[in-house]
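A closer look at the structure
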Amino acid sequence: GRLHFTLTNKVGKPVVIPQNEQQAGGIGLTNIRRRLQLLFPQDHTFTTTEQAGHYTVHLEIPLSE
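Below is a short write-up of the structure. (Residues numbered from 1 in each chain as written. Predicted model: local features only at pLDDT ≥ 70, side-chain atom pairs only at ≥ 80, totals over all residues. Heavy atoms only, no water.)

**Examining unusual backbone geometry**
Although it is not a glycine, Q42 sits at a positive phi angle of roughly 60 degrees. Structurally, Q42 is set in the loop between α1 (26-39) and β2 (45-51). Note on Q42: relative accessible area 74%, which makes it exposed. At A52, a position not held by glycine, the phi torsion is positive, near 50 degrees. Tracing the backbone through its elements, the reader meets A52 in the loop between β2 and β3 (54-62). (Helix = DSSP H or I, 4+ residues; strand = E, 2+ residues; numbered from the N terminus. Buried < 20%, exposed > 50% of the residue type's maximum accessible area, 1.4 Å probe, protein only.)

**Describing the nonpolar core**
In terms of nonpolar packing, the biggest core is built from 7 residues, these being L29, L36, F40, F46, V57, L59 and I61. Those elements that provide at least two residues to this core are α1 and β3. Not counting chain neighbours up to four residues away, the residues in contact with F46 comprise L29, I32, R33, L36, V57, H58 and L59. (Core = buried A, V, L, I, M, F, W, Y, C linked by side-chain atoms within 4.5 Å. Contact = heavy atoms within 4.5 Å.)

**Topic: the sheet that holds β2**
On the basis of which strands lie adjacent, the open sheet formed by 3 strands has the order β1-β3-β2 and antiparallel pairing. Each end of this open sheet is capped by a strand with a single partner; those strands are β1 (2-10) and β2. Ignoring which end each strand starts from, the neighbouring axes of this sheet average 10 degrees apart. (Pairing = 2+ DSSP bridges. Axes fitted to C-alpha atoms, helices over the stretch in contact; angles between N-to-C directions.)

Okay, here's the thing in structure tokens:
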């Protein structure tokens, strides 16, 4: 009972992020990581990679019984 989700997207033109939001991956990814830690502490995987012009996200979480 685990959900495995992978999304790949072509990398477009760079987006200018305001200085106060320049964190690892931006504010949206930071919020996702925090939410996953609250919902599934020590029982989730969330990875992001950028390679060959593509950005890939992989998420793995347990399914409820």
